[in-house]
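# Close look at the chain arrangement
One-letter residues, chain by chain:
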Amino acid sequence: MVREAEIQGSAGRMLVATRSAPSPSSSKSTRQSWLDTLRGFAALIVVFEHSLDALLPEIRRWVSPWFDFGQYGVLVFFLVSGYVVPVSLERRGSVRGFWITRFFRLYPLWGLAAVVGTVFGTAGVYSALPAQAARQPVTFTLAHMTMLQDLLQVPSVVNVFWTLSYEMAFYLLVTAMFVFGVHRASTRASLTFAVCALIAGALVPAGWLSHNMGQGVVEVAAVALVGGIAAALSTHHDVRRHGAALIAVLALILLTLNSRVGAWQSLIILATMFGGTAIHRMERSPAGWVRSRWMIGLVPVLSVTAAVVLGPGWGMSEAEQHAFKWSWSTAVVAAWLTFAAGLALRRRRLPPLLVWLGLVSYSIYLLHPLILQVVRRLTVDPSGIPLPVRLAWEAALFTTAIGCAALSYHFIEKPAQHLGRRLARAADERERHRSHLEGASRESRANVTPARETSSRAGCSTPTGRSSRAG
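Let me begin by describing the structure that accompanies this report.

### Overview of the packing of aromatic side chains
For the structure on display, the rule yields 22 aromatic pairs. Centre to centre, the rings of Y83 and F339 are 5.8 Å apart; their planes meet at 65°, and the pair counts as edge-to-face. Pair noted here: Y83 is in helix 4 (residues 69–92) and F339 is in helix 15 (residues 318–344), with a separation of 256 residues, a long-range link. A residue is classified by how much of its surface remains accessible, and Y83, at 1% relative accessible area, is buried. Overall, the relative accessible area of 1% leaves F339 in the buried class. Aromatic ring contacts, followed pair by pair, group F41, F48, F67, F69 and Y72 into a single cluster.

So this is what it looks like as structure tokens:
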């Protein structure tokens, strides 16, 4: 059962939804395996997309102009994140606990992938390091540490890191909405982002902020990010709200004015993620489903409209622009239909292997580009390799990626997540203890004040009464 709890600050309070923590057995039994299945499937689709140039150029030539496998996979990821992440914050009821668990969920494996990617780039395994890494190493590193590098016009050291910038922007906005108590407005947020994508995409060129202000944007964004999150974690009501406002403004400015892919694609991605959140709410409220389904249905329609009307956010030939519009549009439709299919099958028993792939999907996603660099180094030119041999390489790529993901999940992800949950529980316990002490202190002060007033009135009336009787 959800209950309302007050988190008291030194100068105010905030109502947050809290839920008693389920037992481990209960949590395991109620795990939504369909979401894990979608994650695992999406990760494999992205691996397939990235393998096409190296091993299956025929599919790249014949299919990619009409369907973007990579965009399809990441849009499924974004829908799943939108469905899961805000609800995890609301269930926990603690911004501090949410950010602790997110940090230990993302950064340990990300750090490993970033280091290996840097080593591979320096050694020239296949992909070279971005030139900016040598010219401005501090700025390059700082942008990556924020995970917002794709919104700061800094190329990613590992190509798939770009999606994490939008995950981070989503976390910032979700946190701000939670602090201000408007976190249930996900349907309106999704539609608003989609509509704004059409407007901003027509008005704002990609990377406008950095092109006009230079790389100083990275330093300013890093300070705003750290300071805003620190303030949002405060127990002081006004400080918390100011921090939430700062990180929300930061996310919106970067998404609109400084995205590598352009404003309309950035805002459509956020619309997609909030669309996942809205679907979660509608699933649990039949009345909300009837009222809001048409609004969510507009989001993929507006996503396709933006692609057709606005096209890519960077220079392309006419033929490439035509291919982009088709491949983006079909990927959007397929992603939403895939998520709808998963939702329809949510009560079905799904293959354990697919569910397990979802558990290791983050490792598959981050590590497969590094493995693919080795494959490309060994295969060099696919045109000279017979198809059966290339298919064998494809199988080896998937097998190695899944095997490495299993190891990294067991030795890196899982221990880090357990540590994050322990630290979050400890932080939540301290927060509850502090709230309890503050509540007890307020109650004590409230009891003392009437007693003093009663004593004061008694002290004044007794002499007066005696004087009256004496008279």
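### Quick word on the pattern of salt bridges
For the structure on display, the rule yields eight salt bridges. For R260, the salt bridge identified is with D150, shortest N-O distance 2.5 Å. Of the two residues, R260 sits in the loop between helix 12 (237–257) and helix 13 (263–283) while D150 sits in the loop between helix 7 (137–145) and helix 8 (162–179), which places them 110 residues apart along the sequence. Owing to a relative accessible area of 38%, R260 belongs among the partly exposed residues under this scheme. For D150, a relative accessible area of 2% puts it in the buried group. With a shortest N-O distance of 2.8 Å, E283 and R346 are connected by a salt bridge. Pair noted here: E283 is in helix 13 and R346 is in the loop between helix 15 and helix 16 (352–359), with a separation of 63 residues, a long-range link. A residue is classified by how much of its surface remains accessible, and R346, at 25% relative accessible area, is partly exposed. Each of E49, D53 and R60 takes part in salt bridges that share partners, so that together they form one network.

Procedures and definitions
Residues numbered from 1 in each chain as written. Predicted model: local features only at pLDDT ≥ 70, side-chain atom pairs only at ≥ 80, totals over all residues. Heavy atoms only, no water. Phe/Tyr/Trp six-rings, centres within 6.5 Å; stacked < 30°, edge-to-face > 60°. Helix = DSSP H or I, 4+ residues; strand = E, 2+ residues; numbered from the N terminus. Buried < 20%, exposed > 50% of the residue type's maximum accessible area, 1.4 Å probe, protein only. Salt bridge = Lys/Arg side-chain N within 4 Å of Asp/Glu carboxyl O.

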